Amino acid sequence: MSFKRILLVKPSGRHGLSYAFDLIPTGLEYIAAMVEDIVDEVTILDLAMEDGPYQKVIKHYLAALNPDLVGITMSATDHSEGLEIARLAKDKGAMTVLGGYHPTAIPNELLSHPQVDMIVRGEGDLTFKELVFNGGPKDVRGISYKGANEETIHNPDRDFIEDLDSLPFPARHLRKYIYGTKLLPDRDYDTLIDKYEHQSS
Ligand code: B12
């Protein structure tokens, strides 16, 4: 059975350069765009943009939305908070999946924590859609997960997405926040991603 109620979470931590920017979770908006037509509800929760302790905020959203799948984006600086969010989600009965640079780098370590069910390695767009549609990680390329005996299973890598234009734009319409930057405080800002064409000289 497919996953139907998805909560995507960005941890609250502001580290290094993100003190100057509100860090827009573009990665979560990309994967939300891939599944919004095949699920009942997908919510993007940016804990950096919410008021109050993150534990209280996440508990509120878990109770209100009752998600069957909670996805957490993590860079290395989000390690501890990401794991705590996963624990709270697991306690509420959701399956948990981590994605982003950090989980891609250390899937074994993160899967050693009981509250982490799955890791999406690398580009998440097609992998996450297949995971949500299938309702589980078996045979989904790009996923690492725990088997029936708690053993770690690494499915084969997924090929890079060659035609990036085939992807939908990030689901900015799901955004609940007005993001800003201290560098230009009188304006909104947004993130654009462009293709880098390598040219040999
Ligand atoms: C742009 C950028 C920034 C910008 C962000 C601007 C903005 N407003 O968004 C700024 C300059 C602010 C920044 C700051 C920092 N950055 Co930076 N940044 C990048 C960069 C160049 C691109 C990130 C990006 O937007 N990618 C595009 C989006 C769409 O991809 P994505 O988020 O990865 O999401 C995809 C997958 O990862 C996956 N995915 C992601 N999350 C999830 C979640 C789930 C559930 C699933 C299923 C899938 C999934 O699916 C998505 C779609 O394919 C990367 C390097 C790179 N070339 O990618 C470094 C990078 C992410 N940054 C890095 C670092 C170290 C930092 C800083 C700590 C630097 C500092 N010392 O201050 C801070 C930390 C900020 C923070 N709180 O996390 C490291 C992270 C290393 C690590 N292991 O965690 C990277 C990888 C660079 C590097 N190689 O060192 N950064």
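Everything below is about the structure printed above this text.
So, here is what we can say about the structure in this document. Treat the numbers as computed from the prediction; the structure is a model and nothing was measured.

1. Quick look at the packing of helix α2 (residues 54-65) against helix α3 (residues 79-91)
When two helices pack together, their arrangement is given by the angle between their axes and by how far apart the axes lie.
Next up, step 1: Two numbers describe how α2 lies on α3: the axes approach to 10 Å, and their chain directions differ by 35°. Judged by the sense of rotation from one axis to the other, the crossing of α2 with α3 is right-handed. Between α2 and α3, the residues in contact are Tyr54, Gln55, Ile58, Lys59 and Leu62 and Glu81, Ile85, Leu88 and Ala89, respectively.
Next up, step 2: In terms of residue class, the contact of α2 with α3 is made up of six nonpolar, one polar and two charged.

2. Comments concerning α2
For the α-helix, the turn length of 3.6 residues means that residues three or four positions removed from each other point alike.
Next up, step 1: The end-to-end C-alpha distance of α2, which contains twelve residues, comes to 16 Å, matching closely the 16 Å that a straight helix rising 1.5 Å per residue would cover.
Next up, step 2: Turning to α2, its buried residues are Ile58, Tyr61 and Leu62. Taken around the axis of α2, the buried residues stretch over an arc of 100°, which confines them to a single face. Every exposed residue of α2 that faces more than 90 degrees away from the buried side is listed here: Lys56, Ala63 and Ala64.
Next up, step 3: Looking at the buried residues of α2, the elements they touch are β1 (5-10), β2 (41-46) and α3.
Next up, step 4: Two residues or fewer past α2, Asn66 is found with a positive phi of approximately 50°.

3. Some thoughts on the sheet that holds strand β7 (residues 152-154)
Next up, step 1: Strand order in this open sheet of seven strands is β2-β1-β3-β4-β5-β6-β7, and the pairing throughout is mixed. The open sheet has two free edges, formed respectively by β2 and β7, since each of these has just one partner strand. Between one strand and the next, the sheet's axes are offset by a mean angle of 20°, whatever the strand orientation.
Next up, step 2: Bridge analysis of β1 against β2 gives six bridges, and the strand direction is parallel. For Lys10, the partnering residue across the bridge sits in β2 and is Asp46.

4. A word on the pairing of strand β4 (residues 95-99)
Next up, step 1: Counting buried residues along β4, four of its five residues qualify, which places the element largely inside the surrounding structure.
Next up, step 2: As paired strands, strand β3 (residues 69-73) and β4 are joined by five bridges and run parallel to one another. Looking across to β4, one finds that Leu69 is bridged to Met95.
Next up, step 3: Regarding topology, α3 serves as the crossover connection from β3 to the parallel β4, and that connection is right-handed.
Next up, step 4: Note that β4 and strand β5 (residues 118-120) share three bridges and pair parallel. Bridging across to β5, Val97 finds its partner in Met118.

Criteria and cut-off values
- Residues numbered from 1 in each chain as written.
- Predicted model: local features only at pLDDT ≥ 70, side-chain atom pairs only at ≥ 80, totals over all residues.
- Axes fitted to C-alpha atoms, helices over the stretch in contact; angles between N-to-C directions.
- Helix = DSSP H or I, 4+ residues; strand = E, 2+ residues; numbered from the N terminus.
- Left-handed = near helix turned anticlockwise from the far one by under 90°.
- Contact = placed C-beta atoms within 7 Å.
- Nonpolar A, V, L, I, M, F, W, Y, C, P; charged D, E, K, R; others polar.
- Expected span 1.5 Å × (residues − 1).
- Buried ≥ 20, exposed ≤ 12 C-beta atoms within 10 Å, placed from the backbone.
- Arc of directions from axis to C-beta.
- Pairing = 2+ DSSP bridges.
- Right-handed = clockwise from strand over helix to strand, strands pointing away.

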